[in-house]
Amino acid sequence: MASKVYFKKLESCCAEADISAAARQALECLLEKENPGLLPEIPLKLHFGERGNRTYIPQSCYTGVIDLLESRGSKLCYAETTVLYGGSRANGENHRKLAADHGFDRLPVVIADGNSGEDAVSVKVPNGRHFQSASLATLLAKSEQTVVLSHFKGHMLAGFGGAMKQLSMGFASKGGKMAMHLGVKPRIRTWLCKSCGLCAKRCNENAITKGEKSYIIDPEKCIGCGACYSICPHHSVSILSLGGLWNALTGGRVFREKLIEYALAAHTGKKNIYINFCINITNGCDCEPHPMRRCIDDIGIFVSLDPLAVDQACYDAVAAKGKKFRGKEQLHYAEKIGVGTTEYEIVEL
């Protein structure tokens, strides 16, 4: 059965106030036609853009959505997660500062996996080929409903990013991001370990014990969640290996399948609403810390209760404009394991 995707067309490079109004109209139509219900407290999962990036979606484009949800009685916050690599978003304090610098001041900013990426819970991955469980940010994992605001654009490894990438990499804790990117188990570098014991206390699998010179990770018990890497204040936990680095640099099918399995974990059993902004479309991700040029004209706003259908609709709309992103196979894998359906019905407003 096809999923409905509500679509509001936009002229390229139109005013941010028009984008905001279009997003509100599309969401309002979904709420009227689908009646998903709105919970009293709803996090808005979004991306603040890396420092130096200029094509991320600014707060002014979200104003209409915020106004509508608040008028319906929902208490909102901005929710984001820490990143695995360094930079302005590697910890909660700097991430909140970046959000403020980029103008996100309308709502409270919550870093959903804690200041260092340590606040995570394990969520089952149904039908997973690569994972049995996913390490998700606690706030987002426990929220029964999230409005997922995604910028549909290209991505160096995934091929493209939209609702499902926001669900996977965006909802994942730092350890979850490590699991998707590298797929290797960490080790403790003895010469850096100060034997503080934080890693052992944080490990839910009892895989870390104190040795003669430092703490030691038992690879048989370790599930590769990355909690020890996230919490170590001395940077003694290493995630580097030749295999891991190669996987991180080359990406490919396995990486994309891992993304989809995390998306499934974040979506299953939720009442999420997915809003894709198919504007400012670039070949690269908003994580890239430099200005980028648009690769095609703006298309519009897509809204759905189905993250796969809304991504498929955006992918097809972009392809119709002459831009075919890599990574199309992840859409079929998502359908295979039950994220949603690639069959959609466009409801144009």
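Draft legend 1. Representation of the nonpolar core within the structure. Membership of the largest hydrophobic core comes to 52 residues, with the highest contact counts inside it found for Ile299 and Phe302. Aside from chain neighbours lying at most four places away, what touches Ile299 is Phe7, Lys8, Lys9, Leu10, Cys278, Ile281, Ala317, Val318 and Lys321. The next biggest cluster of nonpolar side chains, apart from the first, holds 39 residues, and it includes Leu69, Ala99, Val109 and Val303.

Draft legend 2. How the structure looks around the packing of aromatic side chains. In this structure the tally under the stated criterion is 10 aromatic pairs. Here Phe7 and Phe302 contribute two aromatic rings whose centre-to-centre distance is 4.6 Å and whose plane-to-plane angle is 35°, an arrangement assigned as tilted. Taken together, the residues Phe7 in strand E1 (residues 3–9) and Phe302 in strand E15 (residues 300–304) connect sequence positions 295 residues apart. In this pair, the class of Phe7 matches that of Phe302, namely buried. Aromatic rings pair up to connect Phe48, Tyr56, Tyr78 and Phe104 into one cluster.

Draft legend 3. Here's a closer look at the packing of helix H11 (residues 307–320) against helix H12 (residues 329–337). Axis separation between H11 and H12 bottoms out at 11 Å; the angle between their running directions is 160°. It follows from the interaxial angle that H11 and H12 lie roughly antiparallel. Where H11 crosses over H12, the handedness of that crossing is left-handed. Contacts between H11 and H12 pair Leu308, Asp311, Gln312 and Tyr315 from the former with Leu331, Ala334 and Glu335 from the latter.

Draft legend 4. Layout of the pattern of salt bridges. One pass over the structure, following the stated rule, counts 13 salt bridges. Ionic pairing is found between Lys45 and Glu80, a salt bridge with its closest N-O pair at 3.0 Å. Taken as a pair, Lys45 in strand E2 (residues 41–45) and Glu80 in strand E3 (residues 75–80) lie far apart in primary sequence, 35 residues in all. Taken individually, Lys45 and Glu80 each receive the classification buried, so the pair is uniform in this respect.

Draft legend 5. View of the side chain of Asp113. On the secondary structure map, Asp113 appears in the loop between strand E4 (109–111) and strand E5 (120–124). Buried and unpaired, Asp113 has Lys177 as its nearest opposite-charge partner, separated by 4.9 Å. Not counting residues within four places of it along the chain, the set of residues in contact with Asp113 comprises Glu80, Thr81, Thr82, Glu118, Asp119, Ala137, Ala172, Ser173 and Lys174.

Draft legend 6. Looking closely at helix H10 (residues 253–267). Over its 15 residues, H10 extends 21 Å from the first C-alpha to the last, a length consistent with the 21 Å expected when each residue adds 1.5 Å. Counting buried positions along H10 yields 13 of 15 residues, so the element is predominantly enclosed. One or two steps after H10, the chain reaches Gly269, where phi turns positive at roughly 80°.

Draft legend 7. Just the sheet that holds E15, in detail. Strand order in the open sheet formed by 8 strands is E4-E3-E2-E7-E14-E15-E1-E16, with mixed pairing between adjacent strands. Pairing within the sheet leaves two strands with one partner each, and these edge strands are E4 and strand E16 (344–348). Pairs of neighbouring strands in the sheet enclose a mean axial angle of 25°, with direction left out of account. Note: strand E7 (residues 147–151) against strand E14 (residues 273–278), 5 bridges, orientation parallel. Its bridge partner being in E14, Val147 is matched across the sheet by Ile273. Here helix H3 (residues 92–101) sits on the sheet in contact with E3 and E4, set at roughly 150° to E4.

Draft legend 8. Spotlight on the packing of helix H6 (residues 174–181) against H10. The contact between H6 and H10 brings their axes to 8 Å, and the two run at 145°. Packed against H6, whose contacting residues are Gly176, Ala179, Met180 and His181, the element H10 presents Phe255, Lys258, Leu259 and Tyr262 at the interface.

Draft legend 9. Highlighting the pairing of strand E6 (residues 133–137). Of all 5 residues making up E6, 4 are buried, and the element is well covered by its neighbours. As judged from the 5 bridges shared by E5 and E6, these two strands associate in the antiparallel manner. Bridge assignment links Ala120 to a residue of E6, and that residue is Ala137.

Draft legend 10. Just the environment of Asn53, in detail. Note on placement: Asn53 falls in the loop between E2 and helix H2 (63–71). Each C-alpha atom of the pair Asn53 and Lys97 lies 15 Å from the other, and the pair is 44 residues apart in sequence. Those residues within four positions of Asn53 in sequence are excluded, and the remaining contacts are Cys285, Asp286, Glu288, Pro289, His290 and Met292. Here the side chain of Asn53 touches Thr55 through a polar contact of 3.0 Å, landing on its backbone nitrogen.

Draft legend 11. Region of interest: H3. Within H3, burial applies to Gly92, His95, Leu98 and Ala99. Across the axial projection of H3, the buried residues extend over an arc of 120°, all falling on one side. Each element contacted by the buried residues of H3 is listed here: E3 and E4. Where H3 begins, the side chain of Asn91 points an oxygen toward the backbone nitrogen of Glu93, at a separation of 3.2 Å. The positive-phi residue at the C-terminal boundary of H3 is Gly103, with phi of around 90°.

Conventions and cut-offs
Residues numbered from 1 in each chain as written. Predicted model: local features only at pLDDT ≥ 70, side-chain atom pairs only at ≥ 80, totals over all residues. Heavy atoms only, no water. Core = buried A, V, L, I, M, F, W, Y, C linked by side-chain atoms within 4.5 Å. Buried < 20%, exposed > 50% of the residue type's maximum accessible area, 1.4 Å probe, protein only. Contact = heavy atoms within 4.5 Å. Phe/Tyr/Trp six-rings, centres within 6.5 Å; stacked < 30°, edge-to-face > 60°. Helix = DSSP H or I, 4+ residues; strand = E, 2+ residues; numbered from the N terminus. Axes fitted to C-alpha atoms, helices over the stretch in contact; angles between N-to-C directions. Parallel < 35°, antiparallel > 145°, perpendicular 65-115°, else oblique. Left-handed = near helix turned anticlockwise from the far one by under 90°. Salt bridge = Lys/Arg side-chain N within 4 Å of Asp/Glu carboxyl O. Lys, Arg positive; Asp, Glu negative; His and termini not counted. Expected span 1.5 Å × (residues − 1). Pairing = 2+ DSSP bridges. Polar contact = N/O pair within 3.5 Å; in protein donor to acceptor, adjacent residues only side chain to side chain. Arc of directions from axis to C-beta.

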